[in-house]
Structures are given as C-alpha cells and as structure tokens.
Amino acid sequence: MRKLVFFLGPAGAGKTTIAKTLAKRYRAALFDMDTMLRPAAAALMKLAGLDPEDRDSATYKSLCRDLGYRITMDAALENIELGTDAYVIGPFTKETESPEWLVKELESIGASVENVEVKVVFVHLADSLSYYQRIKERGLSLDDWKLDNWNVFSQTLAIRDIHWDIPISHIFYYNNSVPSVPITDDSFMSVERFIYGSSSLNAERNEE
C-alpha cells in the first residue's frame, strides 16, 4: 500500500534530517514545506516591503502560511495518486487539530486511509534548552527571530496530540535529543521500523 508519512515537530527537532535519510534509502518522494515555499515566501514578503527572510512573524503567517501547506500537499498528493510513497515535512500545527483535514486532503485525489497508509513521526527534543542550542548551532538567518524572541517562540515547542482518524499505532513520538546518528544505530532504526516494519526492513537490507 502506498504510504503518506508526515514528519512533524518544532523547528530544530531534526525532522528534516531524519526524513531525508529515509527518503534516500527507500526512494520516497520528499516534500519539505520550507523548501517548497521559500521562493514564493521571499517574493511575497519583499513585495509587501517586509524582511524576505522572516518566517515567524504574524504578518508572514498571514501572507504565506496557508499557501505553503497548499503547495506542499498538492505536490505530495500528486505523487500519492501516482502510487509513489510521499514524505511530508512541516509543523502542521493547525492541521493536526482537525480530524477532517486529512480526510479532505485524501478525498481530493479520490483516496482515503483505507487505501493510503498514513503515518506520523513527531520528532521532538527533551527540553527548551535543547531546542535553543540546536537552533543556534545550525546558524540560519531564518532563525534570528526565534532566538531574539525565545520566550514567545518556545511556547510552540510542546509535544502535540494528533487528532486525525488513524490508528494510534500509526503515530510515533521520537525523541531526537541524541546528536544525529547513522541509520544503523538502533535508536534511529526505530523510526525506520515504525514506517516499514521489521519484515520490510530486513528485505531492504537483504537486497543491498
């Protein structure tokens, strides 16, 4: 069955690194909302006379947020429609609050959770300090607002419930506080097993 896998979690948790590693291994199509929205967001913010690197202000969210999710999901769903496994990366804060959101997205391509296996990997760190250190170390200008307004931004770091109508066994909360490790490490392999199961994992290894 084709897979639609969401890699969710706050900025700095490491969801993109995990998704990219597995996408390369399993040749899944990967859709990172930050990557897909970046050119349009920069243009829209510049046209509005605002900082094109702003990704956190209320103005940015008003102008660009929903557009980013629409662009990302349209591309991911197009691949699902073609039978290609799709990995989607983003916070999806508002979307995970709505049980109807996932249903409507799949219905747009004539699909449902009956014929698309939807799984969620929620990547998180142990505490606020871990996020601060991780975000500061990666040194991105897009993170300046987060660091300068940490008291506000840190309120978005809580682990969230996923309200979609999928089995609880299809939601995995992964503590990525340990520094990045190779795919052979048991702690990272837990994400791989969650998505593909031990039988698929063994089959993949036997083919190498």
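Residues numbered from 1 in each chain as written. Predicted model: local features only at pLDDT ≥ 70, side-chain atom pairs only at ≥ 80, totals over all residues. Heavy atoms only, no water.

Points about a negative patch on the surface
Point 1. A surface patch of negative charge is lined by D51, E53, D144 and D148.
Point 2. Tracing the sequence through the fold places D51 in the loop between α2 (33–47) and α3 (58–81).
Point 3. The exposure class assigned to D51 is partly exposed, which follows from its relative accessible area of 47%. (Patch = residues over 30% accessible without salt bridge, like charges linked within 9 Å, V, L, I, M, F, W, Y side chains within 5 Å. Areas by Shrake-Rupley, 256 points an atom, 1.4 Å probe, with all protein chains shown as cover. Salt bridge = Lys/Arg side-chain N within 4 Å of Asp/Glu carboxyl O. Lys, Arg positive; Asp, Glu negative; His and termini not counted. Charge placed at Lys NZ, Arg CZ, Asp CG, Glu CD. Helix = DSSP H or I, 4+ residues; strand = E, 2+ residues; numbered from the N terminus. Buried < 20%, exposed > 50% of the residue type's maximum accessible area, 1.4 Å probe, protein only.)

Quick notes on helix α5 (residues 128–138)
Point 1. Of all the positions in α5, only S130, Y131 and I135 are classed as buried. Looking straight down α5, one finds that the buried residues subtend no more than 125 degrees of arc, so they occupy a single side. Relative to its buried face, α5 has exposed residues pointing more than 90 degrees away, namely L129, K136 and E137.
Point 2. Where α5 is buried, its residues contact β4 (117–124), α6 (144–148) and α7 (150–153).
Point 3. In the segment just after α5, G139 is the residue with positive phi, at about 60 degrees. (Arc of directions from axis to C-beta. Contact = heavy atoms within 4.5 Å.)

A word on the packing of aromatic side chains
Point 1. As enumerated under the stated definition, the model contains 13 aromatic pairs in all.
Point 2. Between the aromatic rings of F6 and W101, the centroid separation amounts to 6.1 Å while the plane-to-plane angle is 65 degrees, which identifies the pairing as edge-to-face. One end of the pair, F6, is in strand β1 (residues 3–8); the other, W101, is in helix α4 (residues 99–107), with 95 residues separating them in the sequence. For the pair F6 and W101, a shared accessibility class is recorded, and that class is buried.
Point 3. By way of ring pairs, the aromatic residues F6, Y69, F92, W101 and W164 are connected into one cluster.
Point 4. The ring centre of F194 lies 5.1 Å from the NZ or CZ of K119, which sits over that ring. (Phe/Tyr/Trp six-rings, centres within 6.5 Å; stacked < 30°, edge-to-face > 60°. Lys NZ or Arg CZ within 6 Å of the ring centre and 35° of its normal.)

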